[in-house]
Every structure is written in C-alpha cells, then in structure tokens.
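This is what each chain is made of:
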Amino acid sequence: NQEKRKDIENRDISIAFPLNTSNNHSGKIFAYLPVHSDTGLPFLVNADFLLTSSREGIREDEPWNQWLRDCIPDVFVEAFETWLDIEAYRDQIYGFIPLESYNDFLKPIVKTIHDEMKNREIILTEPDGQKRKPDLTRTASKKFRSLLSAGIYPRVLLDTRLVLSELEKYQNQLKTIGVKTVGLELVKKCFQERKWIGKHDYDWLLDSYRYLDQQNFENALTDCPIVPIDVKGERKYSCDYEQPIYFECDEECQRV
C-alpha cells in the first residue's frame, strides 16, 4: 500500500551472474540505475526499490523494499537450477552462492538462499552427474579420489555421493548449504566392500595402503577385507576379523 506504488501488486526482480570473470561486476544493486556497488553478493540485482532522496541508498524501513528483498532468494534459486542444465556454465554457477553481504538490509537474503538450497537436488555428483540434495553429498581429498574410477565404484558412494571433482574449488559455498567432507566412517564402508576391492590390481591395493596409513584409523580396519590371501591357489581377500592371517615364512623365519 505504498503511496508511490498505489494499486501495484506485481513487480519484476532480475538478477545477473557475471560470467565474464575478467571484469568484476558482482555486488551491485540497481533500481534501474546503480544504487549500491559493493554489497558482498556475488551477483547483480535489479528491482523497483524506493530510494532515499539522494538516490544513493535503499529506504530500508519501507515495507515495499522489504517485500522486494525477500523475493530475491526465490529468483536466485530458480536461476541457479536453470543454469545447472546449461553444461557450458554449470560448474561456474556454484561460485555465485553468496557467503555474506556487507549490507545489513541485504543480509537476510544470504541465509534464506542457503536454507532453500539445502532442500533442493542441486549438487552434481560422481560418477554420472546425477543431482542430489546437499546433505547426501560429500567433498573428498584428491588422494581419496585417485582410488576411484567411474567404471569401478563402491556401492556406498552411490548412496552418499561425492560432488563432481570440478566443484571441489567451491568448498566454502558447498559447506554453507550442507555439503560435508568425507569422513573416516564413510571411507571404511568403502573398504568393507569385498567386490569393489576385488576388482582392482595389486598396484591399486598398495596405493590404498598408503592412503589408509595416512588416516587416523588405528585398529579400526580389522574388519575390512583388504588383505589378499592364497586359498588353494586362488586369490581372495580377507581380514583379521574373519580369520587369523599370517605372513609367508621366509628364510630368516625358518632359521629361527
């Protein structure tokens, strides 16, 4: 019911993602002409804001402006989901998830965007690019990813999935919407999958030992079938939890 916007119930709000990284245009707010030039938001916003008499600021106590501001998160999420389907740019779009705003009036936008995105299937995942909700995805180190291949993938990582490797550079943004890092429990579940382990060669197994040796597992791997044993001339994988396992007796052992 603002006097200057009498009988107006609909207004357009537009946002823009600055894909040309050679020019820093992010953080600008427009009311058809520039108003704020440094908000901390990584995208541009244009709306029919009511301005102060100097046209250098938004009237923050005006319900009309608050209504427009509170509509921005919906516009952002809709735009984000649209850009996910454009392959040429979809790996850039995560960089536009806002981390903060320097402007007190605009700060509620950031939290609302985060809360809304947590409930959407917007995270592209390995090994096939399927979309998942953030809390069902994980980031991972390069060393752990080096043990994985699209053709040989542990079953547990098809439920709780890894984000696409090219998205790892946006860890700060992903963390704000609920993506967590792969923990030791999930790593252990991978190495409890006998079929997955059995599809690899000895070189991969040695790489796995080096990786696991750098983690803080202590004695927690005793039920992981990662030890190759010889059973009547056939190679199988077992662990201490299933049976005693011994090193083959060498010459030094025989002398003792």
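Residues numbered from 1 in each chain as written. Predicted model: local features only at pLDDT ≥ 70, side-chain atom pairs only at ≥ 80, totals over all residues. Heavy atoms only, no water.

## Details of the overall build of the protein chain
So, step 1. In terms of regular secondary structure, the protein chain is built from eight helices and eleven strands.
So, step 2. Its C-alpha atoms give the protein chain a radius of gyration of 27 Å, clearly above 18 Å, the size a compact globule of 256 residues would have.
So, step 3. Dimensions of the protein chain along its principal axes, counting C-alpha atoms only, are 100 × 35 × 30 Å.
So, step 4. Long-range pairs, those at least 24 residues apart, make up 58% of the contacts in the protein chain with a sequence separation of at least 6.
So, step 5. Entry remark: accessible area of the protein chain is about 15,600 Å², with carbon and sulfur atoms responsible for 45%.
So, step 6. Taken together, the 35 basic and 44 acidic charged side chains of the protein chain have centroids lying 1 Å from each other. (Helix = DSSP H or I, 4+ residues; strand = E, 2+ residues; numbered from the N terminus. Rg over C-alpha atoms; globule rule 2.2 N^0.38 Å. Contact = heavy atoms within 4.5 Å. Areas by Shrake-Rupley, 256 points an atom, 1.4 Å probe, with all protein chains shown as cover. Lys, Arg positive; Asp, Glu negative; His and termini not counted. Charge placed at Lys NZ, Arg CZ, Asp CG, Glu CD.)

## Some words on the nonpolar core
So, step 1. Judged by nonpolar contacts, the single largest core of 42 residues is most densely connected at Phe-43, Phe-49, Phe-76, Phe-80, Tyr-94 and Met-117.
So, step 2. Going through the elements one at a time, helix H1 (63–84), helix H2 (107–117) and strand E5 (123–124) are the ones with two or more residues in this core.
So, step 3. If one sorts the elements of this core by residue count, H1 sits on top with eight residues.
So, step 4. With near-sequence residues (within four places) excluded, Tyr-94 lies in contact with Phe-80, Leu-84, Ile-122, Ile-123, Leu-124, Leu-167, Tyr-170, Gln-173 and Leu-174.
So, step 5. By size, the runner-up hydrophobic cluster in this structure holds 24 residues, among which are Phe-144, Val-182, Leu-205 and Leu-221. (Core = buried A, V, L, I, M, F, W, Y, C linked by side-chain atoms within 4.5 Å. Buried < 20%, exposed > 50% of the residue type's maximum accessible area, 1.4 Å probe, protein only.)

## Some details on the pairing of strand E11 (residues 234–238)
Within a regular strand, the side chains alternate between the two sheet faces.
So, step 1. Of the strand pairs in this sheet, strand E10 (residues 227–231) and E11 are connected by five bridges, and their pairing is antiparallel. Residue Pro-228 lies in a different strand from E11, and its bridge partner there is Tyr-237.
So, step 2. Counting the residues in the hairpin turn of E10 and E11 gives two residues, including Lys-232, whose phi is positive at 55 degrees. (Pairing = 2+ DSSP bridges.)

## Focus: the pattern of salt bridges
So, step 1. Throughout the structure, instances matching the rule amount to 16 salt bridges.
So, step 2. Of the charged contacts in the structure, one is a salt bridge between Asp-207 and Arg-210, with a shortest N-O distance of 2.8 Å. Remark: Arg-210 and Asp-207 occur in helix H7 (residues 202–213); sequence separation between them is three residues, near one turn of the helix.
So, step 3. Each of Arg-5, Arg-11 and Asp-48 takes part in salt bridges that share partners, so that together they form one network. (Salt bridge = Lys/Arg side-chain N within 4 Å of Asp/Glu carboxyl O.)

## Quick look at the packing of aromatic side chains
Describing an aromatic ring pair means giving the distance of the ring centres and the angle of the ring planes.
So, step 1. This model, assessed by the stated rule, comprises twelve aromatic pairs.
So, step 2. Measuring from ring centre to ring centre gives 5.7 Å for Phe-17 and Phe-76, while their planes differ by 85 degrees; the resulting arrangement is edge-to-face. Separated by 59 residues along the polypeptide, Phe-17 in the loop between strand E1 (14–16) and strand E2 (29–30) and Phe-76 in helix H1 bring together distant segments of the chain. Both residues of the pair, Phe-17 and Phe-76, count as buried.
So, step 3. Cluster of aromatic residues (ring-pair linked, three or more members): Phe-17, Phe-43, Phe-76, Phe-80, Tyr-94 and Phe-96.
So, step 4. Directly above the aromatic system of Phe-105 lies the positively charged group of Arg-69, at a separation of 4.7 Å from the ring centroid.
So, step 5. One Lys or Arg, Arg-235, reaches over the ring of Tyr-202 and ends 4.7 Å from the middle of that ring. (Phe/Tyr/Trp six-rings, centres within 6.5 Å; stacked < 30°, edge-to-face > 60°. Lys NZ or Arg CZ within 6 Å of the ring centre and 35° of its normal.)

## Quick word on the packing of H1 against H2
For any two helices packed against each other, one specifies the inter-axial angle together with the distance between the axes.
So, step 1. One way to put it is that H1 packs onto H2 with a least axis distance of 9 Å and a crossing angle of 40 degrees. Considering the angle they form, H1 stands oblique to H2. Crossing of H1 against H2: the hand is right-handed. Residues Arg-69, Ile-72, Pro-73, Phe-76, Val-77 and Phe-80 of H1 form the contact with H2, whose own contacting residues are Pro-108, Ile-109, Thr-112, Ile-113, Glu-116 and Met-117.
So, step 2. When grouped by side-chain class, the residues that make up the contact of H1 with H2 number nine nonpolar, one polar and two charged. (Axes fitted to C-alpha atoms, helices over the stretch in contact; angles between N-to-C directions. Parallel < 35°, antiparallel > 145°, perpendicular 65-115°, else oblique. Left-handed = near helix turned anticlockwise from the far one by under 90°. Nonpolar A, V, L, I, M, F, W, Y, C, P; charged D, E, K, R; others polar.)

## Overview of the state of the cysteines
So, step 1. Following the criterion strictly, the structure yields zero disulfides and no others.
So, step 2. Residue Cys-224 stays outside any disulfide, its sulfur separated by 7.2 Å from that of Cys-239, the closest cysteine.
So, step 3. On the basis of relative accessible area, Cys-224 is assigned to the buried category, the value being 1%. (Disulfide = S-S within 2.5 Å.)

## Observations concerning H7
So, step 1. Its twelve residues place the ends of H7 16 Å apart at the C-alpha level, agreeing with the 16 Å of an ideal helix rising 1.5 Å per residue.
So, step 2. Among all positions in H7, only Trp-204, Leu-205, Ser-208, Tyr-211 and Leu-212 are buried. Considered in projection along H7, the buried side chains sweep an arc of 120 degrees and stay on one side of the axis. Opposite the buried face of H7, by more than 90 degrees, sit the exposed residues Asp-203 and Asp-213. (Expected span 1.5 Å × (residues − 1). Arc of directions from axis to C-beta.)

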